[in-house]
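# Analysis of the macromolecular model
Take a look at the letters that make up each chain.
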Amino acid sequence: RLYEKVQRLAFTDMLTGINNRRRLFELLDKEYKLAIRYKRPLSLLIADIDHFKKINDTYGHAAGDEVLRWFANQCNNVIRRKIDAVSRFGGEEFAIIYPETNILSAFEAAERLRIQIIDCPILYNGTELRITFSAGIVSLPLDEEIALDQLIERADKALYFAKVKRKWMAYWDIQAKRPYLVS
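Summarised in this report is the structure supplied together with it. Numbers given to residues run from 1 along each chain, matching the order in which its sequence is written. Since the coordinates come from a predicted model, pLDDT governs what is reported: local features require at least 70, and pairs of side-chain atoms require 80 or more to be given and counted, while whole-chain, interface and lining totals use all residues. For side-chain calculations, the full set of non-hydrogen atoms in the structure is used, while hydrogens and water are omitted.

### Focus: the side chain of S134
Comment: elements are numbered from the N terminus, with helices defined as DSSP H or I runs of at least four residues and strands as E runs of at least two. With respect to the secondary-structure elements, S134 resides in strand 6 (residues 133-139). Buried, partly exposed and exposed residues are distinguished by accessible area as a fraction of the type maximum, computed with a 1.4 Å probe on protein chains only: under 20%, between the cut-offs, and over 50%, respectively. By relative accessible area, which is 4% here, S134 ends up buried. A polar atom in the side chain of S134 sits 2.8 Å from the side chain of D50. Here, two residues are considered to be in contact whenever any of their heavy atoms come within 4.5 Å of each other. In this view, S134 contacts I46, A47, D48, D50, L159, A162, K163, K167 and W168; residues no more than four positions away in its chain are not counted. Side-chain atoms alone can form a polar contact between residues adjacent in sequence; in general such a contact is a pair of N or O atoms within 3.5 Å, and within protein one must be able to donate a hydrogen while the other accepts it.

Following this line, the structure appears as structure tokens:
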């Protein structure tokens, strides 16, 4: 039991209660190796809460912490399969691993999350906070082997592209080797 408790503590983000960055990379490595070995789809979403600094500056860090916990909970509420994994990527960034999921199904999952976030504002000290996020999505190409760090980098670049363009989501286009916005 002590070992299990230590394991849980080592892999859990203490603020949000979801997988931490260490666990994210462990799970992603496992799913990546399975996807490569069996030529199966794998998608990754990286989400970043929009204007998070403004929330901290306006309402305080306790409000920011509450928003992070709320966002993690909303992510968990929309994943439909036990094999999908929500993790804290860092700061106000979160990652969702979608094993056995192609890019179109990953878009659908991201859209469910967007609707959940929009439809469920957070109430903090009597103030309704409407949260939005930007996301980058990538799927492992089945016809080209890329390194795991390249997969993560592509999701991150797609996220950055969405942020710069002030749109909610972008994806990495495998053929064009660049991000595109999702309308």
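### Here we look at the pattern of salt bridges
Just to be clear on terms, a salt bridge is a Lys or Arg side-chain nitrogen sitting within 4 Å of an Asp or Glu carboxyl oxygen. Counted by the stated rule, this structure contains 14 salt bridges. Across the salt bridge formed by D13 and R88, the nearest N and O atoms sit 3.1 Å from each other. Here R88 lies in strand 2 (residues 85-90) and D13 lies in the loop between helix 1 (2-11) and helix 2 (21-38), a separation of 75 residues in the sequence. Each member of the pair, D13 together with R88, is buried.

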